[in-house]
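Given next are the chains, with one letter for each unit.
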Amino acid sequence: AQTVTQSQPEMSVQEAETVTLSCTYDTSESDYYLFWYKQPPSRQMILVIRQEAYKQQNATENRFSVNFQKAAKSFSLKISDSQLGDAAMYFCAYRSAEQAGNNRKLIWGLGTSLAVNP
Amino acid sequence: GAGVSQTPSNKVTEKGKYVELRCDPISGHTALYWYRQSLGQGPEFLIYFQGTGAADDSGLPNDRFFAVRPEGSVSTLKIQRTERGDSAVYLCASSLRARGPYNEQFFGPGTRLTVL
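In what follows, the accompanying structure is described. (Residues numbered from 1 in each chain as written. Chains lettered and ligands numbered in written order. Predicted model: local features only at pLDDT ≥ 70, side-chain atom pairs only at ≥ 80, totals over all residues. Heavy atoms only, no water.)

**Things to note about the pattern of salt bridges**
Residue and element names in this part refer to chain A. We count it as follows: By definition, a salt bridge exists where a carboxyl oxygen of Asp or Glu is found within 4 Å of a side-chain nitrogen of Lys or Arg. Numbering of helices and strands starts at the N terminus; helices are DSSP runs of H or I of at least 4 residues and strands are runs of E of at least 2. In this scheme, a residue with accessible area under 20% of its type's maximum is buried, one over 50% is exposed, and one in between is partly exposed, where area comes from a 1.4 Å probe on protein chains only.
Overall, the coordinates contain 7 salt bridges over all chains when judged by the stated rule. The residue Arg-63 makes a salt bridge to Asp-86 at a minimum N-O spacing of 2.8 Å. You can see Arg-63 sitting in the loop between strand E7 (60–61) and strand E8 (64–69) and its partner Asp-86 sitting in the loop between strand E9 (74–79) and strand E10 (88–96), a full 23 residues away along the chain. You'll find Arg-63 and Asp-86 in the same group, each marked buried. By sharing partners, the salt bridges in this structure join Arg-50, Glu-52 and Lys-55 into a single network.

Structure (structure tokens):
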């Protein structure tokens, strides 16, 4: 079974600085998707960035980028120029690729609480 | 609608009671998912629908939990004989399709269930 591990329960960053959140995962599959979701106090999960395992290029979305190391099964999130609105819980999630039958569920880590200090 | 909506936002019930939680997916989304998020945890998968049928219900913890999606749109998660351990935030998500490039799951704000 696949597992996702986030080893940093809490992180903090100064406004305008850069922070990296760690995520490792375990799987025997060769094709899959990885995601970072943000969950503010409103509880609504918001997709931050996604990575397809067969793509070697790291995904980037504005101030958010990932460092995807497939061999090491590592998928870290870098937030540049941190803003107060970035403060939230961040979850790393895994999903099998389509050829893995009906397995469409997301498998989640425990999350990292990010504080942004003004 | 503009996004996934869930009702009620909060539900307080007593141990042993029956509850229903409702999810309205984004219009046109064929896939719908239910997750449960306990305090301090990441979400855990419960069940996934493709259209009207449950394609994967492997995450339902026991037979007190049941979900339906009779017309392939709105879904209801039903919990019988609630227990204090059922207290959690129940998240619903939908995606345009379950496979292919349009498989991003969009989440609702969740229903916080408290069992006293």
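**Here we look at the state of the cysteines**
Note the threshold: A pair of sulfur atoms, both from cysteines and within 2.5 Å, is called a disulfide here.
Taken as a whole and assessed by the stated rule, the structure comprises 2 disulfides over all chains. Here Cys-23 of chain A pairs with Cys-92 of chain A through a disulfide, and the sulfurs are 2.0 Å apart. The sign of the S-S torsion, about -70°, decides the handedness of the disulfide formed by Cys-23 of chain A and Cys-92 of chain A: left-handed. With a gap of 69 residues between them, Cys-23 of chain A in the loop between strand E3 (19–21) and strand E4 (24–26) and Cys-92 of chain A in strand E10 connect regions that are remote in the sequence. The buried category is assigned to Cys-23 of chain A, whose relative accessible area is 2%. Classification of Cys-92 of chain A as buried rests on a relative accessible area of 0%. Paired by a disulfide, Cys-23 of chain B and Cys-92 of chain B hold their sulfur atoms 1.9 Å apart. Here the disulfide of Cys-23 of chain B and Cys-92 of chain B is left-handed, its torsion about the S-S bond being about -70°.

**Focus: the interface of chain B and chain A**
In many reports, interface size means the accessible area that the parts give up when they come together. Our working definition: Note on definitions: a residue-residue contact is assigned when non-hydrogen atoms from the two residues lie within 4.5 Å. Buried area is understood as the total, over both parts, of accessible area removed when two parts are fitted together, assessed with a 1.4 Å probe. N or O atoms within 3.5 Å of each other form a polar contact, as long as, within protein, one can give a hydrogen and the other can take it, and as long as residues adjacent in sequence are counted only when both atoms are side-chain atoms.
In this complex, chain B contributes 29 residues to the contact, which on the side of chain A involves 19 residues. Taking both sides of the interface into account, the surface hidden between chain B and chain A amounts to around 2,000 Å²; carbon and sulfur atoms contribute 46%. When the buried surface of chain B facing chain A is broken down by residue, Pro-43, Asn-103 and Phe-107 of chain B rank first, second and third, together holding 25% of it. Summed over the shared surface of chain B and chain A, the result is 0 salt bridges. The interface formed by chain B and chain A holds 9 residue pairs in polar contact (both at pLDDT 80 or more) in total. Listed by contribution, the elements that provide at least two residues to the side of chain B that touches chain A are strand E4 (31–37), strand E5 (44–50), strand E6 (53–56), strand E9 (88–95) and strand E11 (111–115) of chain B. When residues of the side of chain B that touches chain A are assigned to their parent elements, the largest contribution, 3 residues, is made by E4 of chain B.

By themselves these figures say nothing about function.
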